[in-house]
Amino acid sequence: AHLAGRISGDSTVAYQFAFARAAEHALGVKPPQRAILLRALMAELERIANHLGDFGAVCNDAAFALIHAHCGMLREQVLQAADSCFGHRLMRDCVVPGGVAIDLQEAGVKTIRALIREVSARFQELFDNYDNTTSLLDRTVTTGIVSTELVRQFAVGGYVGRAAGRDFDARRDLAYAPYDKLSFKVPVRTAGDVDARVRIRAEEIRTSLSLVGQCLDALSEGELRVDLPASKEPREGMAIVEAFRGDVLIYLRLAADGTVARCHPRDASWFQWPLLEVAVENNIVADFPLCNKSFNCSYSGHDL
């Protein structure tokens with residue numbers, strides 16, 4: 001998971017989260033409640049940062065650089081808050097088997113609450129600019145369409161699947177902690193075009209801002225990590241975590257001495273890449289960047 005997180009840096013927390021859950025599944029370990037909430041908080045901060053980057057980048061590929069610039073500034077604020085609160089902009093090495101490696105101090109709680117207020121207000125203005133710019137919508141609406149039938153056939157997750165009517169989110173449908181206790185709706189659209197994928201991202205940013213607030217509200221004092229038991233026989237575990245692109249799966253096999261004998265990470269992009277070919281069909285050459293960025297599949301994640 002450490003290697004996968006470094007290769008696919010924009011999903012660092014998601015990969016660490018999935019690896020930790022797979023190891024805990026193998027060893028029969030339950031992390032402390034405070035650690036569970038901090039994991040989700042980090043995962044949602046990562047989702048916000050990445051969706052902000054993608055929202056701006058899609059607009060930039062349609063020559064609307066203003067939104068791109070402002071999204072870049074908001075994304076930077078999220079990354080700086082993560083660095084201030086957890087010691088790393090990408091929160092690398094913060095989620096570990098058994099819990100988390102770093103706590104959130106009271107000053108960090110105030111930093112994140114201020115961040116939520118700032119991003120909520122400013123992002124709504126940016127989305128209104130997108131939604132009210134006819135020349136921009138002319139480039140995204142009905143561009144790069146993927147059908148509901150294909151996303152279901154390929155089991156495509158994330159914003160690519162949800163923009164085309166596949167109503168799946170591992171946080172809700174597999175209901176792993178703490179999401180089984182949090183309140184949120186999964187946005188779904190049916191147009192399957194660039195515009196739908198942009199709007200799913202926007203709705204997920206709003207949802208993630210709410211989830212971060214809920215995690216902070218539920219946070220209480222407690223342990224950060226439990227010790228992992230010694231393993232005297234080979235063990236296996238598996239976990240799925242919803243990353244910003246979609247569901248990430250980790251299969252883990254532990255040897256009798258507790259070392260990792262095999263680890264198979266599967267990125268959400270594995271199922272999404274084939275449909276990009278469909279999305280670009282019958283579109284003008286100038287719209288390829290829009291189609292490609294609206295998918296934003298991971299190159300390195302596909303090769304894990």
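Because the structure is predicted, anything quoted here is derived from the model rather than measured.

Conventions and cut-offs
Residues numbered from 1 in each chain as written. Predicted model: local features only at pLDDT ≥ 70, side-chain atom pairs only at ≥ 80, totals over all residues. Heavy atoms only, no water. Axes fitted to C-alpha atoms, helices over the stretch in contact; angles between N-to-C directions. Helix = DSSP H or I, 4+ residues; strand = E, 2+ residues; numbered from the N terminus. Parallel < 35°, antiparallel > 145°, perpendicular 65-115°, else oblique. Left-handed = near helix turned anticlockwise from the far one by under 90°. Contact = heavy atoms within 4.5 Å. Nonpolar A, V, L, I, M, F, W, Y, C, P; charged D, E, K, R; others polar. Pairing = 2+ DSSP bridges. Core = buried A, V, L, I, M, F, W, Y, C linked by side-chain atoms within 4.5 Å. Buried < 20%, exposed > 50% of the residue type's maximum accessible area, 1.4 Å probe, protein only. Expected span 1.5 Å × (residues − 1). Arc of directions from axis to C-beta. Phe/Tyr/Trp six-rings, centres within 6.5 Å; stacked < 30°, edge-to-face > 60°. Lys NZ or Arg CZ within 6 Å of the ring centre and 35° of its normal.

Quick notes on the packing of helix α3 (residues 33–61) against helix α5 (residues 106–131)
Then, number 1: Viewed as axis vectors pointing N to C, α3 and α5 meet at an angle of 25°, and their least axial separation amounts to 12 Å. Between α3 and α5, the interaxial angle falls into the category roughly parallel. As for how α3 packs across α5, the hand of that crossing is left-handed. Residues Leu41, Leu45, Leu52, Phe55 and Cys59 of α3 lie in contact with α5, whose contacting residues are Ile112, Leu115, Val119, Phe123, Leu126, Phe127 and Tyr130.
Then, number 2: Each residue belonging to the contact of α3 with α5 can be placed in one class, and the counts come to twelve nonpolar, no polar and no charged.

Some points on the sheet that holds strand β3 (residues 235–242)
Then, number 1: The sheet built from three strands is open, its strands ordered β3-β4-β5 with antiparallel pairing. Two strands lie at the open edges of the sheet, namely β3 and β5 (260–266), each paired on one side alone. Here the average twist between neighbouring strands, direction ignored, is 10°.
Then, number 2: Relative to β5, strand β4 (residues 247–254) runs antiparallel, the two sharing six bridges. When the bridges of β5 are listed, Leu254 appears paired with Val260.
Then, number 3: On top of the sheet, helix α2 (residues 12–27) reaches β3, β4 and β5; it is set at about 145° to β3, its chief contact.

Observations regarding the nonpolar core
Nonpolar side chains in soluble globular proteins generally cluster together in the buried interior.
Then, number 1: Counting 78 residues, the largest nonpolar core has Phe55, Phe86, Leu104 and Ile112 as its most contacted members.
Then, number 2: Of all elements in the fold, only α2, α3, α4 (65–86), α5, α6 (134–140), α10 (194–218), β3 and β4 reach the threshold of two or more residues within this core.
Then, number 3: Considering each element in turn, this core owes the most residues, 14 residues, to α3.
Then, number 4: When residues no more than four places from it in sequence are discounted, the contact partners of Phe55 are Ile67, Cys71, Phe123, Leu126, Phe127, Tyr130, Val198, Arg201 and Ala202.
Then, number 5: Listed in part, the 17 residues of the second largest apolar core include Val156, Ile200, Trp273 and Cys297.

Focus on α4
Since the α-helix turns once every 3.6 residues, residues separated by three or four places project in the same direction.
Then, number 1: Along its 22 residues, α4 runs 31 Å from first to last C-alpha, staying within 8% of the 32 Å computed at 1.5 Å per residue.
Then, number 2: Those residues of α4 not exposed but buried are Ile67, Cys71, Leu74, Val78, Leu79, Ala81, Ala82, Cys85 and Phe86. Here the buried residues of α4 occupy an arc of 155° about the axis, which is enough to place them on one side.
Then, number 3: Of the surrounding elements, those touching the buried residues of α4 are α3, α5 and α6.
Then, number 4: The first or second residue beyond α4 is Gly87, which carries a positive phi of 85°.

Observations concerning the environment of Ala81
Then, number 1: Structurally, the position occupied by Ala81 is in helix α4.
Then, number 2: C-alpha separation for the pair Ala81 and Phe64, spaced 17 residues apart in sequence, amounts to 27 Å.

What about the pairing of β3?
Then, number 1: Of the strand pairs in this sheet, β3 and β4 are connected by eight bridges, and their pairing is antiparallel. Residue pairing across strands places Gly237 opposite Leu252, the latter belonging to β4.
Then, number 2: Here β3 folds back onto β4, and the loop between the two strands holds four residues, one of which, Gly246, carries a positive phi near 145°.

Remarks on unusual backbone geometry
Then, number 1: The step from Ala177 to Pro178 runs through a cis peptide bond, and the omega angle for that step is 0°.
Then, number 2: Considering the arrangement of structural elements, one finds Pro178 in the loop between α9 (170–173) and α10.
Then, number 3: Backbone geometry places Ala63, a non-glycine residue, at a positive phi of 70°.
Then, number 4: On the accessibility criterion, Ala63 (70% relative accessible area) is exposed.
Then, number 5: Notably, Ala155 is not glycine yet its phi reads approximately 55°, a positive angle.
Then, number 6: Inspection of the secondary structure assignment puts Ala155 in the loop between α7 (148–153) and α8 (158–162).
Then, number 7: The class of Ala155 is partly exposed, set by a relative accessible area of 28%.

Comments concerning the packing of aromatic side chains
Then, number 1: Evaluated as defined, the whole model comprises nine aromatic pairs.
Then, number 2: Pairing Phe17 with Tyr176 gives two aromatic rings, centres 5.7 Å apart and planes at 85°, and the pair type is edge-to-face. One end of the pair, Phe17, is in helix α2; the other, Tyr176, is in the loop between α9 and α10, and 159 residues separate them in sequence. Tyr176 matches Phe17 in its accessibility class, with the two residues each being buried.
Then, number 3: With centroids separated by 6.0 Å and ring planes inclined at 75°, the aromatic side chains of Tyr179 and Phe184 adopt a geometry described as edge-to-face. For the pair Tyr179 and Phe184, a shared accessibility class is recorded, and that class is buried.
Then, number 4: Cluster of aromatic residues (ring-pair linked, three or more members): Phe17, Tyr176, Tyr179 and Phe184.
Then, number 5: Seen from the ring of Tyr179, Arg171 lies directly overhead, with NZ or CZ sitting 5.8 Å from the centre.

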